[in-house]
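Structure at a glance
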Amino acid sequence: MTTLSSATPRPVKTIQFVRRGEVVSVENVPPSRTLLELLREDLGLTGSKEGCGEGDCGACTVVLGEAQGDAMRYRAVNSCIRLAHSIDGMALWTVEDIAPTLVASRTALPPEGALRLRPGEAGSAAPAGEEGTPTLAASRTALPPEGALRLRPGEAGSAAPAGEEGAPTLSASYGSLLPEGAECCGSEPAGAGLDGTKGGGVSQSCGLQGLRLRPGEAGSTAPAGERGGIEPPLHPAQQAMVKCHASQCGFCTPGFVMSLFGMYQNHVCKGEPITREMAQQELSGNLCRCTGYRPILDAAQLMGSLPPVTLDETDLLSKLEQITPVAIGLEAAFFYKSPRTLAALLQQRAAHPQAQLVAGCTDVGLWVTKQHRQFEQVLDLSQVGELRRIENSPRHIAIGAAVTLHDAFAALVSDRPQLQTFFNRFAGLPVRNSGTLGGNVANGSPIGDSMPLLIALGATVLLMSVRGQRELPLERLYTGYRKNIMAPDELLAWIKVPKASVDENLRIYKISKRFDDDISAICLALNLHVEGGVVRAASLGAGGVAATPVRAVQTEAALLGQPWSFQTVQLAIAVLRAEFSPISDMRASAAYRIQVLGNLLQRYWLESQGVQQIDLASFVLDETA
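Residues numbered from 1 in each chain as written. Predicted model: local features only at pLDDT ≥ 70, side-chain atom pairs only at ≥ 80, totals over all residues. Heavy atoms only, no water.

Considerations on the overall build of the protein
- Of the regular secondary structure elements, the protein holds 17 helices and 24 strands.
- Counting across all 625 residues of the protein, residues that qualify as buried make up 52%.
- Taking as baseline every contact in the protein between residues at least 6 positions apart, the subset at least 24 positions apart corresponds to 63%.
- When the accessible area of the protein is evaluated, it comes to approximately 28,000 Å², of which 53% is carbon and sulfur surface. (Helix = DSSP H or I, 4+ residues; strand = E, 2+ residues; numbered from the N terminus. Buried < 20%, exposed > 50% of the residue type's maximum accessible area, 1.4 Å probe, protein only. Contact = heavy atoms within 4.5 Å. Areas by Shrake-Rupley, 256 points an atom, 1.4 Å probe, with all protein chains shown as cover.)

Next comes the structure, spelled out in structure tokens:
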């Protein structure tokens, strides 16, 4: 077991997690410290990058594993907005961890910049012609200038003709090659690449480089003297990126690799092929600004055909069982509290009403990274067993406040399949893997996408405290911009969503600057019941048009009991545009929001009449060579 200590002397519990098959313990971590800060600054794992600091770009993606019965469940998450303490009791993988035959630790690697000297070369301890492991140059002082490459005889830039024996020539710049001894496993001879060209270069910062281990070397799985060439050091997720030339600057590459690793564990290892559509959906939370997405999507589909790499889940589960949960009596003494039962959560909420309540931290995390807030106390409800459940009854679906967005959306889609495309557009997969539906509702952002839908569906929320509980319609939860009616000792425990009825006609429209991974400028959900040509029931939820998510009560009244006709719709459009007074901001002007709000009601009418327009949700762009 590895134990590390932070310099902050605070009464916070020790974080324990499994990494590389070992239980790691980190002490005295402040409650507001992010997982990315822990990785980069405390553990020296700099492969994970910080790009946006808000969960949009995916450069910081890591994978978390949790026991689910007798198996493991893997989730790619954004480490930049995830609080470090929230991974206590889980398994963690970073881009440094997934290559199967790389040397296991930094201490076993040669010094930065060291060259691997062949027998007979200057500085080598072995005479020419002697077999064995190459010697490492002792210090930087004996090395060529930083960035210099060792060119083999016959290579472009080498002073030695092809076939001549002797020390390799040194090149003046990095060019497109890897350092000596850090060959890319995707390198192919000329003409052997996927596109008929030589393998492209790999950035020094992309996490794809690594030493190729010869049989018998430390970290190699093959004994000395065994034939078969040098072992490939990369995981299929990494190797596929190399083979498909899917990295240029390399800054985003570790995040893409980790999202691919999550896909590999959740799909490839279960015998499920990765389709183009699946790759697009699950990589929507990772942004690349130079390579382009085609080769990255190619890599996602290629990795399943590469030599398989599997994790020892039995050993992982055994290691996770070694992590001892904090005793209930000791939990109250810590600055970061993570109770396991609902009763303990409510007691601690009553005792510490000033503590910051968190679940997935996909919103609160931005308060830390963007507003530089520091929390003296944090109350984390994500491990409360009762609130991690989804309960199905004949009339409704009850979703606990600790259920992730991914799982909550899956439950709602099972009842209303037409919601799948809308949910795919809710942030990116790493955010949906970490954030919770309860947190999205409780935060009450006026542009939170789930609330207009839940309002249109007639959802209710269950608030709980040690004093009891109360249930109310979701739209009545809010009193102003990010303000709600909850008492200091209360919390949102459950969201109850009525099941679909055969006569409902539900549509939800999201307008944003980007189709994927973007925040709404406007969101409108409409759920009407039309019988005999007359509107018998109408429920409309809107976002981005007021200080809170709202129900369009005046528009509902204008529709209810009226004939479902063009004239009725035109009157309702006028009412809807007059019902709200949106603001202008970076996403849209007030005038634009008012105009589009009415347009969306007209679109709903046209679709109800069978009109088929171009819809980005179903639009497919054919690829050409």
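Having put the structure on the table, let's press on.
Thoughts on the sheet that holds strand E12 (residues 356-358)
- Overall, parallel pairing links the three strands, which are arranged E11-E13-E12 in an open sheet. Strand pairing shows two members of the sheet lacking a second neighbour, strand E11 (336-337) and E12, which therefore form its edges.
- In terms of strand pairing, E12 meets strand E13 (residues 378-380) through three bridges, oriented parallel. Paired with Leu-357 across the bridge in E13 is Leu-379. (Pairing = 2+ DSSP bridges.)

So, the nonpolar core
- Counting residues in hydrophobic clusters, the biggest one holds 55 residues, and the most contacted among them are Leu-387, Val-441 and Leu-492.
- Once you skip the residues sitting within four places of it in the chain, Leu-492 turns out to touch Ala-401, Gly-438, Val-441, Ala-442, Val-461, Leu-462, Leu-463, Leu-477 and Met-486.
- Residues Ile-98, Cys-244, Leu-297 and Ile-323 belong to the second largest nonpolar core, which totals 40 residues. (Core = buried A, V, L, I, M, F, W, Y, C linked by side-chain atoms within 4.5 Å.)

Quick word on the confidence of the model for the protein
- Of the residues in the protein, 74% have a pLDDT of 70 or more, and the chain-wide mean is 83.
- Segment residues 5-10 is flagged for pLDDT under 50; beyond a separation of four residues in sequence, or across chains, it makes 12 contacts in the model.
- When the criterion is pLDDT under 50, residues 165-214 qualifies, and its contacts beyond four places in sequence or with other chains add up to 124 contacts. (pLDDT = per-residue confidence, 0-100.)

Some remarks on the packing of helix H16 (residues 566-579) against helix H17 (residues 590-608)
- The geometry of H16 relative to H17 is characterised by a closest axis approach of 9 Å and an angle of 155° between their N-to-C directions. One finds that H16 runs roughly antiparallel with respect to H17. Note on packing geometry: the crossing formed by H16 with H17 is right-handed. Contacts between H16 and H17 involve Phe-566, Val-569, Gln-570, Ala-572, Ile-573, Leu-576 and Arg-577 from the former and Ile-594, Gln-595, Leu-597, Gly-598, Asn-599, Leu-601, Gln-602 and Trp-605 from the latter.
- For the contact of H16 with H17, the per-class residue count stands at nine nonpolar, five polar and one charged. (Axes fitted to C-alpha atoms, helices over the stretch in contact; angles between N-to-C directions. Parallel < 35°, antiparallel > 145°, perpendicular 65-115°, else oblique. Left-handed = near helix turned anticlockwise from the far one by under 90°. Nonpolar A, V, L, I, M, F, W, Y, C, P; charged D, E, K, R; others polar.)

Describing the side chain of Asp-517
- By the secondary structure assignment, Asp-517 is in the loop between strand E21 (505-511) and strand E22 (522-531).
- Although buried, Asp-517 forms no salt bridge, and the nearest oppositely charged side chain, Arg-514, lies 4.5 Å from it.
- Here the side chain of Asp-517 touches Gly-428 through a polar contact of 3.5 Å, landing on its backbone nitrogen.
- Asp-517 has contacts with Asp-56, Ser-284, Gly-285, Leu-287, Arg-425, Ala-427 and Gly-428, leaving out every residue within four places of it along the chain. (Lys, Arg positive; Asp, Glu negative; His and termini not counted. Salt bridge = Lys/Arg side-chain N within 4 Å of Asp/Glu carboxyl O. Polar contact = N/O pair within 3.5 Å; in protein donor to acceptor, adjacent residues only side chain to side chain.)

Observations concerning the packing of aromatic side chains
- All chains considered together, the criterion is met by eight aromatic pairs.
- On the basis of an interplanar angle of 65° and a centroid distance of 5.2 Å, the ring pair of Phe-409 and Phe-426 is categorised as edge-to-face. Residue Phe-409 is found in helix H10 (residues 405-415), and its partner Phe-426 is found in the loop between helix H11 (420-424) and helix H12 (429-434); the two are separated by 17 residues along the sequence. Residue Phe-409 shares its accessibility class with Phe-426, and that shared class is buried.
- Measuring from ring centre to ring centre gives 5.5 Å for Trp-564 and Trp-605, while their planes differ by 70°; the resulting arrangement is edge-to-face. With a gap of 41 residues between them, Trp-564 in the loop between helix H15 (553-559) and H16 and Trp-605 in helix H17 connect regions that are remote in the sequence.
- Residue classification places Trp-564 among the buried residues on the basis of a relative accessible area of 13%.
- Through a chain of ring-to-ring contacts, the aromatic side chains of Phe-409, Phe-422, Phe-423 and Phe-426 assemble into a single cluster.
- Positioned above the aromatic ring of Trp-367 is the side chain of Arg-373, whose terminal nitrogen or guanidinium carbon lies 4.3 Å from the ring centre.
- For the cation-ring pair, Arg-425 lies above Phe-515, with the distance from its terminal atom to the ring centre recorded as 4.2 Å. (Phe/Tyr/Trp six-rings, centres within 6.5 Å; stacked < 30°, edge-to-face > 60°. Lys NZ or Arg CZ within 6 Å of the ring centre and 35° of its normal.)

Points about the pattern of salt bridges
- Per the counting criterion, the structure on display carries 27 salt bridges.
- One salt bridge connects Asp-518 with Arg-514, and the closest N-O pair in it is separated by 4.0 Å.
- What makes Arg-514 partly exposed here is its relative accessible area of 38%.
- Salt bridges sharing common partners tie together Arg-33, Glu-37, Glu-41 and Asp-42.

Overview of the sheet that holds E21
- Read from one edge to the other, the open sheet built from four strands follows the order E21-E22-E23-E24, with strand pairing classed as antiparallel. Every interior strand has two partners, whereas the edge strands, E21 and strand E24 (550-551), have only one.
- As paired elements, E22 and strand E23 (residues 534-543) share nine bridges and run antiparallel to each other. Within E23, the position partnered with Leu-528 by the bridge is Ala-538.

Some thoughts on the environment of Ser-608
- Among the secondary structure elements, Ser-608 is positioned in helix H17.
- Here the alpha-carbon distance between Ser-608 and Asn-505, two residues 103 residues apart in the chain, equals 8.4 Å.
- Other than its neighbours up to four places away in sequence, Ser-608 contacts Asn-505 and Trp-564.
- In this structure the side chain of Ser-608 is engaged in a polar contact, spanning 3.1 Å, whose partner is the side chain of Trp-564.

Side note on the environment of Gln-347
- Inspection of the secondary structure puts Gln-347 in helix H8 (residues 342-351).
- Separated by 142 residues in sequence, Gln-347 and Asp-489 place their C-alpha atoms 8.8 Å apart.

With respect to the packing of helix H2 (residues 236-243) against helix H3 (residues 253-266)
- At their nearest, the axes of H2 and H3 sit 8 Å apart, and the two run at 125° to each other. Taken together, H2 and H3 sit at an angle that is classed as oblique. In the crossing of H2 with H3, the sense of the turn from one axis to the other is right-handed. Here H2 contributes Pro-236, Ala-237, Gln-238 and Met-241 to the contact with H3, which in turn contributes Thr-253, Phe-256, Val-257, Leu-260, Phe-261 and Tyr-264.
- Taken together, the residues of the contact of H2 with H3 sort by class into eight nonpolar, two polar and no charged.

Remarks on unusual backbone geometry
- Backbone geometry at His-245 places phi at a positive 55°, although glycine is not the residue there.
- Phi is positive for Cys-361, which is not a glycine, with a value near 70°.
- With respect to the helices and strands, Cys-361 occurs in the loop between E12 and helix H9 (364-369).
- Residue class for Cys-361 comes out buried when judged on its relative accessible area of 4%.

What to know about the pairing of strand E2 (residues 15-19)
- With five of five residues buried, E2 is to be regarded as a mostly interior element.
- Both E2 and strand E3 (residues 22-27) contribute to a ladder of five bridges, which runs antiparallel. Pairing of Phe-17 across the sheet is with Val-24, part of E3.
- Where E2 folds back on E3, the antiparallel hairpin that results is connected by two residues, among which Arg-20 adopts a positive phi of roughly 55°.

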